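# Report on the structure
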Amino acid sequence: MASLWHWMMAAINVRSLDNGLGNHGFAGKGLSNLGAPHFQHLNKCSGLDASSECPWGDMNTTNTDAYKTRPDTGITRTYDFTITKETAAPDGVEAELLLVNSQFPGPLIECDWGDWLEITVHNNLSDEGTAIHWHGMLQQNTPWMDGVPGVAQCPIAPGCSYTYKFKPDLYGTGWYHSHYEAQAVSGFAGPMVIHGPTHVDYDIDLGPIAISDYFRKDYRLITQGFLDNKVEVTLSDNNLINGKNSFDDNGAPLATFNFTSGKTHRLRLINTSAFAVQKISIDGYDMVVIANDFVPITIYTTDVVTLAPGQRSDVLVHATGESTDSMWLRAYKPPNCSPGKQGSYLATAAIFYEGADRTRMPSTSPGPNAYNHYCGNDPLSRTIPAYELTPEDPSVTEILPIELRPNGSSNLWFMANRTFRVDYNDPQLLNARNGDFEFPHIQNVHNYGSNSSLRFIIENTGFQPHPVHLHGHNFFVLQEGLCEDNETVFPYGQPEFSHVFSPGQASDHFGGRPGVPVQHSTSDSSTRKDSGRQHMDRSRLHKPEPTVIGNYGSCWDGTIANPSNPQRRDVQMLLPGHYIVIQWEQDNPGIWPLHCHIAWHLSGGMGLERPDDFYNDMNISDAMSQTCDNWRAWTDNNVVGQIDGGL
C-alpha cells in the first residue's frame with residue numbers, strides 16, 4: 001500500500017497544476033479584499049503619503065527600547081465591528097462561519113506606532129457571547145482591554161456592544177481573534193498592522209498575508225470531539241491564503257499579489273490557523289526575514305518560513321524576474337505536524353509581475369524545502385533581535401510539564417499537574433482589583449507578586465506540538481531541546497497517563513529534528529511502547545541525574561542561546577518530547593494567560609503580576625461594569641454551554 005507521504009505528494013502535484021484563478025461562477029460569499037488584485041499597497045505611515053514624515057521621527061529599531069519608549073501622536077483611529085454567523089464559501093463550498101463585518105478574514109486594522117485604537121464590537125450572535133483578543137498587544141496600562149473573557153472581562157452578551165480602547169505598545173504585524181472558547185476556528189479573526197520604524201529599506205508593502213487551516217464543522221463540535229474520551233480529532237478541510245483557495249478543483253478564486261520589477265516587497269506573513277504549522281515559500285525566490293512577531297531581528301535569508309499558530313514573520317522579497325513573470329506563493333502544512341483530509345495540505349496564491357498575463361496560472365515548481373516536514377521554528381542562533389536586551393537572573397524558576405489526561409468523561413490538558421477553567425461571570429482581574437488575590441484552584445492563577453522576572457522550563461510530555469503563547473509580554477526564548485525519557489521529567493515517578501516520547505519517536509511523529517525525513521512507523525502501539533522502554537533503559541545507564549525543581553526534573557542543561565541577546569517573541573513552538581526555556585520581566589501589572597495556541601488545547605495557567613499596582617484602579621471597574629451586567633442578565637435566562645476551559 002502506498003505510504004501517506006507518497007499519496008500526499010501526488011495530491012499536491014495535481015493541485016498545483018490544476019488550480020484556477022477566476023471566479024468560475026462563485027459569488028465569493030464572505031471573501032475579504034485581502035489578496036485580491038485591487039487591494040492597495042500599504043503606506044509606511046497610516047493615512048499619509050509616502051513623502052510625509054512618520055510620527056516616530058528619529059526613533060528606530062536599534063536606538064529605542066519599544067517596551068519603555070514610544071511616540072504619542074494624539075490620534076485615535078476608530079473601527080466598528082459587527083460579529084455575525086453567516087453562510088460563506090471561502091473555498092467554494094458553503095459553510096456556517098463567524099464573520100467580522102461579513103468578511104473572512106476580518107477587516108484590516110491599521111494604525112501608526114503612537115496612535116490609539118478604539119474598536120467597538122457588536123455581538124449579533126443569537127446564542128453565544130464573544131470577546132476579541134488583540135494578539136501580541138502588551139496592553140501596558142490597559143490590562144482590562146486584553147479581550148480574554150473570564151480573565152480581563154465578561155463576554156459581550158448577544159445583542160450587546162463593547163468598545164475596546166488601547167494604545168499599541170509595539171509595531172509590526174499582528175492579528176486579532178476571538179478568545180471566547182474556540183470561535184476563532186470558525187473564521188473569527190483578522191490582521192493588524194502597526195506601522196513603525198524599519199531597519200531594512202523596502203519599496204512596496206503588500207500588506208498582510210493570513211494563512212490558515214480551514215474547518216467547515218462548527219468549532220463547538222470540533223472541541224467536544226477532541227475533549228471526549230474517544231479523542232476524535234477533526235481533520236481540516238482545506239488550507240487558505242487570505243481566506244481563499246479552491247477545493248477539489250472547483251475553480252474557486254485564489255489570492256493574488258502584484259510584484260513590480262526591480263522593487264523590494266514586504267510581505268507580512270501571519271499564521272491564523274487553529275492547529276496547523278505552515279510552511280510558506282515562493283517558487284524560485286528567497287525571503288529575507290526582518291521581524292518575528294512584534295520583534296525586528298537581525299536579518300537572515302531563507303527559502304521557506306515556518307510559522308506555528310499565532311506566529312508572524314515579516315519578510316522582504318526582491319523582484320528580480322522579468323516584467324512578464326508569474327509564480328506561486330505556497331502555504332503547506334506538513335501532515336506529520338498537522339493532519340488533514342485528502343487534498344487539504346496546500347494553498348497557493350499567484351504572484352504576477354506588472355506585465356504578466358493574469359488569465360494564465362503560473363507554471364513554476366516548488367523549491368527543495370517547500371514541503372519539508374520539520375515542525376519547529378528556525379534555530380535560535382538565527383533569530384537575534386535587532387535591539388539588544390540581556391535577561392537578568394530570574395527571581396523565580398519553575399518547571400511546567402504539559403500532559404493530556406482523561407478526567408471522567410473528558411480529556412483535559414494539564415500544566416504542572418493543574419488544569420483550568422474560567423468563570424465568565426466573575427473576571428479574575430476584577431477580583432484582583434478589589435483586593436481578592438485568592439482564586440479557585442480550577443482557575444490555575446499563580447500570584448508572582450512583585451518578583452522582577454520569571455523563568456519557566458516547559459516540557460512537552462505528549463504526542464502533539466504546542467505553540468506556547470504569553471499575553472502581556474514578549475518572552476525571551478533562552479533554549480530549546482530534547483527531553484530524553486520519563487525519568488528526567490518525573491524523577492519521583494511518572495503520573496498515570498503521562499508519556500514522554502523518545503527523541504526518535506518525537507522525530508517520527510512530528511519532525512523533531514531539522515532536515516530529517518519523517519519515517520511513518522507501521523508497527524503497532526505495543527511495539528512502539530516497547531521501543532520507547534528500551535531507549536529509556538539504555539539512556540538511564542549513561543545520563544546524569546536531572547536537576548529537580550519542585551516536583552519535576554529539568555531536561556535543560558543550563559545553556560542559553562545568544563545569552564547577551566536571546567530571541568524574543570510572543571509565541572514559540574514546543575515540539576513533542578522537547579522543552580523550551582522562556583523568561584520575561586514582570587514589568588506589566590495584570591493577569592496574563594500563558595497557554596498553548598492550538599484552539600482545542602489551550603493548556604495553560606494565569607500569572608498574577610504585581611497586583612498591588614492595580615489594586616483599587618477604577619478603570620477596571622468602569623470598563624467591566626456594563627458588560628458584566630449585560631452578561632449576567634443574559635445568563636439569567638440562558639444556559640451557557642461552556643465546553644472547555646473557556647479561553
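What comes next is a walk through the structure. (Residues numbered from 1 in each chain as written. Predicted model: local features only at pLDDT ≥ 70, side-chain atom pairs only at ≥ 80, totals over all residues. Heavy atoms only, no water.)

## Observations concerning the overall build of the protein
The condition is simple: We count a stretch as a helix when DSSP gives it H or I for four or more residues in a row; a strand needs E for two or more, and each element gets its number in order from the N terminus. Buried means the residue's accessible area, taken with a 1.4 Å probe over protein chains only, is under 20% of the maximum for its type, while exposed means over 50%, and partly exposed covers the values in between. We call two residues contacting when some pair of their heavy atoms lies within 4.5 Å. The Shrake-Rupley method, run with a 1.4 Å probe, gives the accessible areas here. Residue values count only the displayed protein chains as cover.
For the protein, the count of helices and strands is seven helices and 32 strands. Across the 647 residues that make up the protein, the buried fraction comes to 61%. Look at the contacts in the protein between residues 6 or more apart in sequence, and 80% of them connect residues 24 or more apart. Carbon together with sulfur atoms contributes 48% to the accessible area of the protein, which is approximately 23,500 Å² in total.

## Here we look at the sheet that holds strand β4 (residues 116-123)
Hydrogen bonds between backbone atoms are what pair the strands of a sheet, whose relative direction is either parallel or antiparallel. Selection rule: By definition, two strands form a pair when at least two bridges between them are found by DSSP. Lines fitted to the C-alpha atoms define the axes, with helices restricted to the stretch that makes contact. Angles between their N-to-C directions range from 0 to 180 degrees.
Spatial ordering of the open sheet is given by β2-β1-β4-β6, a layout of four strands whose pairing is mixed. Strand pairing shows two members of the sheet lacking a second neighbour, β2 (95-100) and β6 (161-166), which therefore form its edges. Each strand axis lies, on average, 20° off the axis of its neighbour in the sheet, ignoring direction.

## Focus: the pattern of salt bridges
How we decide: Take a side-chain nitrogen of Lys or Arg and a carboxyl oxygen of Asp or Glu: if they are within 4 Å of each other, that pair is a salt bridge.
Taken as a whole, this structure holds 18 salt bridges when the rule is applied. Between Arg216 and Asp237 there is a salt bridge, with its nearest N and O atoms 3.5 Å apart. On the criterion of sequence distance, the pair formed by Arg216 in the loop between β9 (204-214) and α2 (219-227) and Asp237 in the loop between α2 and β10 (238-241) is long-range, its members being 21 residues apart. Each of the two residues, Arg216 as well as Asp237, counts as buried. For Asp218, the salt bridge identified is with Arg220, shortest N-O distance 3.1 Å. For Arg220, a relative accessible area of 24% translates into the label partly exposed.

## Concerning the sheet that holds strand β3 (residues 109-112)
Read across the sheet, four strands follow the order β3-β8-β7-β5 without closing on themselves; strand pairing throughout is mixed. Because the sheet does not close on itself, it has two edges, and the strands there are β3 and β5 (132-135). Averaged over all adjacent pairs, the angle separating strand axes in this sheet is 20°, with direction ignored. Examined bridge by bridge, β3 and strand β8 (residues 189-195) share four bridges and lie parallel to one another. Across the sheet, residue Glu110 finds its bridge partner in β8, namely Val193.

## So, the pairing of β10
In regular strands, side chains alternate between the two faces of the sheet. Neither face of β10 is open: one carries Asn238 and Leu240, the other Asn239 and Ile241, and all of them are buried. Examined bridge by bridge, β9 and β10 share four bridges and lie antiparallel to one another. By the bridge assignment for β10, Tyr214 is matched with Asn238.

## So, the side chain of Lys167
As a reminder of what qualifies: Here a polar contact is recorded for every N or O atom pair within 3.5 Å, except that within protein the pair must consist of a potential hydrogen donor and a potential acceptor, and residues adjacent in sequence are included only if both atoms are side-chain atoms.
Along the chain, the position of Lys167 falls in the loop between β6 and β7 (172-178). Residue classification places Lys167 among the buried positions, given a relative accessible area of 18%. Looking at Lys167, its side chain comes within polar contact range of the main-chain oxygen of Pro71, at 3.2 Å.

## Notes on the nonpolar core
Worth spelling out the cut-off: Only buried residues count toward a nonpolar core. Its members are Ala, Val, Leu, Ile, Met, Phe, Trp, Tyr and Cys residues joined through side-chain atoms within 4.5 Å.
Judged by nonpolar contacts, the single largest core of 88 residues is most densely connected at Phe81, Trp134, Tyr164, Phe166, Ile241, Leu267 and Leu329. The leading source of residues in this core is helix α7 (residues 618-635), at six residues. The residues contacting Phe166, other than those within four sequence positions of it, are Trp116, Leu117, Ile119, Trp134, Met137, Gln139, Thr142, Met145 and Met192. By size, the runner-up hydrophobic cluster in this structure holds 19 residues, among which are Ile402, Phe456, Ala561 and Ile580.

## Some remarks on the pairing of β2
Within β2, five of the six residues are buried, which leaves it mostly tucked inside the rest of the structure. Summarising the sheet, strand β1 (residues 76-88) and β2 pair through six bridges and their orientation is antiparallel. Residue pairing in the sheet places Ile83 in a bridge with Val100 of β2. Two successive antiparallel strands, β1 and β2, enclose a turn made up of six residues, where Gly92 displays a positive phi of approximately 90°.

## Quick look at the environment of Ile297
Assignment of secondary structure puts Ile297 in strand β15 (residues 295-302). You can call Ile297 buried: its relative accessible area is 2%. Measuring from C-alpha to C-alpha, the distance between Ile297 and Pro385 comes to 4.0 Å, with 88 residues separating the pair along the chain. Not counting the four nearest positions on each side in its chain, Ile297 is found in contact with His199, Val289, Ile290, Ala291, Asn292, Ile384, Pro385 and Ala386.

## Some remarks on unusual backbone geometry
Residue Pro105 is reached from Phe104 by a cis peptide bond, and omega for that bond is -5°. Structurally, the position occupied by Pro105 is in the loop between β2 and β3. Phi at Gln139 takes a positive value of approximately 55°, unusual for a residue other than glycine. Of note, Gln139 is situated in the loop between β5 and β6. Of note, Asp248 is a non-glycine position whose phi angle comes to about 55°, a positive value. Here Asp248 shows up in the loop between β10 and β11 (256-259).

## As for the packing of aromatic side chains
Which entries qualify depends on this criterion: Stacked, tilted and edge-to-face pairs are distinguished by plane angle, under 30 degrees for stacked and over 60 for edge-to-face with tilted covering the rest, among Phe, Tyr and Trp rings (Trp via its six-membered ring) whose centres lie within 6.5 Å.
Here the structure, examined in full by the defined rule, presents 16 aromatic pairs. Between Tyr162 and Tyr164, the ring centres sit 4.8 Å apart and the planes meet at 80°, which makes this aromatic pair edge-to-face. Here the two residues Tyr162 and Tyr164 agree in accessibility, since each one is buried. Ring geometry for Phe259 against Tyr353: centres 5.9 Å apart, planes inclined by 75°, an arrangement best described as edge-to-face. Taken together, the residues span a long stretch of sequence, with Phe259 in strand β11 and Tyr353 in strand β19 (residues 346-353) at a distance of 94 residues. What makes Phe259 buried here is its relative accessible area of 1%. Aromatic ring contacts, followed pair by pair, group Tyr79, Phe81, Trp134, Tyr162, Tyr164, Phe166 and Tyr176 into a single cluster.

## Some details on the environment of Glu545
Relative to the helices and strands, Glu545 resides in the loop between α6 (525-540) and β26 (547-549). Each C-alpha atom of the pair Glu545 and Thr488 lies 7.7 Å from the other, and the pair is 57 residues apart in sequence.

## Some details on the state of the cysteines
This is how the line gets drawn: Criterion for a disulfide: a pair of cysteine sulfur atoms within 2.5 Å.
For the coordinates displayed, the defined rule picks out four disulfides. Here Cys337 connects covalently by a disulfide to Cys375, the sulfurs 1.9 Å from one another. Handedness of the Cys337-Cys375 disulfide follows from its S-S torsion of about -90°: it is left-handed. A residue pair is termed long-range when its members are at least 10 positions apart, and Cys337 in the loop between β18 (326-332) and β19 and Cys375 in the loop between β19 and β20 (396-407) qualify at 38 residues. For the pair formed by Cys337 and Cys375, the shared burial category is buried.

## A few points about the side chain of Asn474
Considering the arrangement of structural elements, one finds Asn474 in the loop between β24 (466-470) and β25 (475-482). Within the structure, the side chain of Asn474 is placed 2.9 Å from the side chain of Tyr67, a separation counted as a polar contact. In contact with Asn474, other than residues within four places in its own chain, are Tyr67, Leu138, Leu170, Val295, Arg568, Arg569, Asp570 and Trp584.

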